[in-house]
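# Descriptive analysis of the structure
So the chains spell out like this:
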There are 2 protein chains.
Amino acid sequence: MELTGQSIIGYGRGGKTGAVLNGFNPSTGDVLPPNFYSASEIEVDKSVQLAAQSFVHSDRKGGKERALFLRSIAENLVQFGETLVERTVLETGLAATRVRNERERTCFQLRFFADMVEDGSWVDARIDRADSARIPVPKPDVRSMLRPVGPIAVFCASNFPLAFSVAGGDTVSALASGNPVIVLAHYSHPGTAEFAGTAIRDAALKHGFPEGVFSLLYDSGHHVAQALVTHPLLKGVGFTGSRAGGTALMKLANFRPEPIPFYAEMSSVNPVFILPSALKSRSDFVAEDLHVSATLGVGQFCTNPGVVITMGDSGAFVSRFTDLMAKKDSGVMLNPNIAASYRRAILERSAQPDVRLRWTAPEAPEISENTCRVGTAVFEIDGRSWLANRVLQDEVFGPATLLVHAESREELLQIARCLEGNLTATILGTANDLRDFSDLVSLLQTKVGRLIFNGSPTGVEVCEAMVHGGPYPATSDGRSTSVGGRAIFRFTRPVSFQNFPDVCLPPELQESNPMGIWRMEDGRHIQPAACTR
Amino acid sequence: MELTGQSIIGYGRGGKTGAVLNGFNPSTGDVLPPNFYSASEIEVDKSVQLAAQSFVHSDRKGGKERALFLRSIAENLVQFGETLVERTVLETGLAATRVRNERERTCFQLRFFADMVEDGSWVDARIDRADSARIPVPKPDVRSMLRPVGPIAVFCASNFPLAFSVAGGDTVSALASGNPVIVLAHYSHPGTAEFAGTAIRDAALKHGFPEGVFSLLYDSGHHVAQALVTHPLLKGVGFTGSRAGGTALMKLANFRPEPIPFYAEMSSVNPVFILPSALKSRSDFVAEDLHVSATLGVGQFCTNPGVVITMGDSGAFVSRFTDLMAKKDSGVMLNPNIAASYRRAILERSAQPDVRLRWTAPEAPEISENTCRVGTAVFEIDGRSWLANRVLQDEVFGPATLLVHAESREELLQIARCLEGNLTATILGTANDLRDFSDLVSLLQTKVGRLIFNGSPTGVEVCEAMVHGGPYPATSDGRSTSVGGRAIFRFTRPVSFQNFPDVCLPPELQESNPMGIWRMEDGRHIQPAACTR
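Our subject in this report is the structure included herewith. (Residues numbered from 1 in each chain as written. Chains lettered and ligands numbered in written order. Predicted model: local features only at pLDDT ≥ 70, side-chain atom pairs only at ≥ 80, totals over all residues. Heavy atoms only, no water.)

### Examining the environment of S281 of chain A
Residue and element names in this part refer to chain A. Along the chain, S281 turns up in helix α9 (residues 276-295). Take S281: its relative accessible area is 56%, and that puts it in the exposed class. The spacing of S281 and N254 is 27 residues in sequence and 50 Å in space, taken between C-alpha atoms. Here the side chain of S281 touches S277 through a polar contact of 2.8 Å, landing on its backbone oxygen. (Helix = DSSP H or I, 4+ residues; strand = E, 2+ residues; numbered from the N terminus. Buried < 20%, exposed > 50% of the residue type's maximum accessible area, 1.4 Å probe, protein only. Polar contact = N/O pair within 3.5 Å; in protein donor to acceptor, adjacent residues only side chain to side chain.)

### Some words on the interface of chain B and chain A
It is common to report an interface's size as the accessible area lost on association of the parts. With 79 residues of chain B in contact, the opposing surface of chain A contributes 78 residues. In total, chain B and chain A occlude about 6,700 Å² of area from one another, counting both sides; carbon and sulfur atoms represent 57% of this. Three residues stand out in chain B for area buried against chain A, namely R479, R486 and R493 of chain B, and they jointly supply 11% of the buried area on that side. At the surface where chain B touches chain A, the tally comes to eight salt bridges. (Contact = heavy atoms within 4.5 Å. Buried area = accessible area lost by both parts, 1.4 Å probe. Salt bridge = Lys/Arg side-chain N within 4 Å of Asp/Glu carboxyl O.)

### Describing the relation of the copies chain B and chain A
Taken as rigid bodies, chain B and chain A are interconverted by a rotation of 180° and an axial shift of 0.0 Å, the fit giving an RMSD of 0.0 Å. Interpreted geometrically, this transformation is the action of a two-fold axis. Across chain B, the rotation axis passes nearest the C-alpha of N254 of chain B, at a separation of 3.7 Å. The share of interface residues of chain B whose copies in chain A are also at the interface is 99%, consistent with both copies meeting through the same surface. (Least-squares fit on C-alpha atoms with pLDDT ≥ 70 in both.)

### Focus on the pattern of salt bridges
Using the criterion set out here, one finds 64 salt bridges over all chains in the structure. The shortest N-O distance in the salt bridge between R126 of chain A and E464 of chain B comes to 2.8 Å. Pair noted here: R126 of chain A is in strand β5 (residues 126-128) and E464 of chain B is in the loop between β20 (448-453) and β21 (492-498), and the two residues belong to different chains. Summarising the burial analysis for this pair, R126 of chain A and E464 of chain B share the class buried. Residues participating in the shared-partner salt-bridge network are R129, D141, R143, E511, R519, E521 and D522 of chain A.

### Topic: the sheet that holds strand β13 (residues 307-311) of chain A
Pairing between the strands of a sheet is mediated by backbone hydrogen bonds and can be parallel or antiparallel. The twelve strands are arranged β15(A)-β17(A)-β18(A)-β13(A)-β12(A)-β19(A)-β20(A)-β21(B)-β6(B)-β5(B)-β22(B)-β23(B) in an open sheet whose pairing can be described as mixed. Here the strands that pair on one side only, and so sit at the sheet edges, are β15 (356-360) of chain A together with β23 (524-526) of chain B. On average, adjacent strands in this sheet sit at an angle of 20° to one another, irrespective of strand direction. The pairing of β15 of chain A with strand β17 (residues 377-382) of chain A spans four bridges and is antiparallel. Bridge pairing in β17 of chain A places W359 of chain A opposite V378 of chain A. (Pairing = 2+ DSSP bridges. Axes fitted to C-alpha atoms, helices over the stretch in contact; angles between N-to-C directions.)

### Comments concerning the nonpolar core
Counting 240 residues, the largest nonpolar core has I73 and L440 of chain A together with L70, I73 and L440 of chain B as its most contacted members. Look past the residues within four positions of I73 of chain A in its chain and what remains in contact with it is L110, A167, L175, A199, I200 and A203 of chain A. (Core = buried A, V, L, I, M, F, W, Y, C linked by side-chain atoms within 4.5 Å.)

Set out below in structure tokens:
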């Protein structure tokens, strides 16, 4: 496929007159052809208008057709073969293997949602039948199910150019539940975005979806983002990025004449609690495991373990962990902005009171300043000083870890109590520890979306039970997850039908259950006659 | 029970030093004893602190205990007998029968949620088991369920002193899912609030719930409301009231350093579409049915049909409807503010361009100005003029109806297209109409929470399938409902546990399924061995 640099507006193409942006090779510092062109305000408006028009008749494409659509997107991504991988590697500095794995994950996710909507039970269909004999008033027939909300804007993540970008999690959740999607490409991987956008457009065409079910916009600054989020016909937003960017967009979404649901995944330090037994019996193993998690993808994972809390004799662990971090090869970050932010954050953290810098090499000396190559950093602080300084809860995006030493059980609990919202918290210890520290478990449950025992926070399984979310500021809306089966709920709302003739109901709610889905009927879970799951 | 006029702070009582408020008899204009005292800032803080403390150990009280708690609240409300009914009648001007029915509905709702949490399946438990042999990386064990979010503030509605107030929908949803609740009493029925608050406190004490699971605050102005919504430990808000009040609180909730979920049910004109066949074949029946719905509770229902759209020859219907509305006895509104707003709104609407006033008696002449007695009003306008004036979509809270005449099918659809979000839309016609107007049905689905065919919007059934919600400005968050089984989700969020030892998991997620609930296991719905539902 030849890259054109143009936005995708419905089934057409954007112009070549907007401000130019380019891909950038973070390993070499080279600007990459071709030029990409920012969408105009007219193009933004057209993409949302088309989406809104396509949406009114969204019920004409049922779950089985949406499943075919999603599977075709995956096929198209695979068919690009190494052409796509090469472009993504060039634009992101990520290794080819990682990119191939991420494509596989993206396709798995597309098929996972395809299976879910093909089955159809996810809509939570509920039927309460009429009772005309009820006293004092007859009971009406009420039936309800989850429905899509309308045109959704999706903002791509820098750190997952495939799995959390154009054909990534939010797009798949929104399309699967029947919403049209307008994606804003990330400036850091515009070519990868065009590949994925083409995969979606071609799949939509193939399966006869109405124009407007998908558009892809480029933006050299923030104009397109603002025009999109404030468009009166837009009905929801998914965003993955920085806390500053997410907060700014959240304000736009909340301040519209009609406020709309806004899901931002923003920042998380993913605290790891190492309990005394783990420090005593397996500090080497813990240090090795943790350093792998802390340096994975040059620390650019939203689940990177940024803060590690120890209790007890941590000397051996700290030595071993610092040693491993110091020996870790430098790595190329995704783009110059991210590398510069990382270097700045290391300096700022070093200057915080009571923070001891155990190791740092944020600028690998052998490399020129133009590139994005950085090294690791390890900081240390005692629990009391950590508790006194809220700034130390801010995420440092990159391979930096802050070790916090709690001097008592009470201090450990106080640290947990003072934590802001996070995506994950991890406890390393024994099963007995979990019972002895049941108050820690209770506290952490109120702070995170996912609690991990004796594992690493990095690695987010795509499965029905996954929760990749958490209270603010991990996300802007802790009621949702951006990964896993529950993500299909984020762009939906329940709609009920009262006393509707059977033939006029959506098939999910018709008396004969023609789709064979699980339903709640008169308060009971009812297994479909021919259960396919 | 003797009314004290004091807030309920945990298991204690508020002071008697705050600004005074009183109940008011809208039928007579009399101020009612005793004095009620606004909570102090210290009392607000204490109620939230107690709630937060109680919440950390909320998992110690399982669904079965919460069910007993809810059922005891209902028993206590019943035990107050006529004492409660008399006080509510005095404070609200509602008829005793209506108050008795509303108490019955409130108790039914408490028991409905009690049954739900006793069963326990509502938590949407999901289990994805480990697969250590998976290539390229082992699959972890991931289990998740819905959990409560923390201290919730509930703002009472004026128009449902029992069912949407202290022991009403939001309180029940929040308590049922395991959250502590701080209720702000409505100034319009402080005595009723103390009855219901006492019912909850006594039930909490009886079942050994930790202090802080419930508090009740009085507020003579807006200070307590502001202190409550901006309290750093508060985690969610439920509100039923005006669009102005809801919007102001929504801004407070969104602007906190930590934004929190905010559910306001605010305003709705509940459009009724009368299709040509209904006008032709049964205009008298339609007019009679509609006027009952439009005047129910002196028009003070959130589902009051404020806008009626006709297409075709509407002459007979309009005459009959106007006649019935004009003959309707005047009624007493809930309080002087509401009556004054209604009178003002009638004048303002009369002055709108192209609006024809068919009938009005907003001030019943036989009654002095001090009271809250008002009459009905009927307005008329053509479809094109309605489309040109957005103000006509504003709710007039009271027994006023605006009749809009569409001159064509296209104009009818354009009216539907331009509607703001509403709680309900109603279609009157034949089953054939529904098929002929399938585009109307498609459009209305995107605008409302509940679609009614050949019925009245008033009357909101408490059942699993009910959706009492809708897009903005009907509510601040169209993803939720404030009535019915799905309301239990509003103050919850999913939490996942990865690789946790079985004994440390919540019982809902343990391998043996000790609670016997429905779960999703490895992607399949699994019926519990001993299914109780």
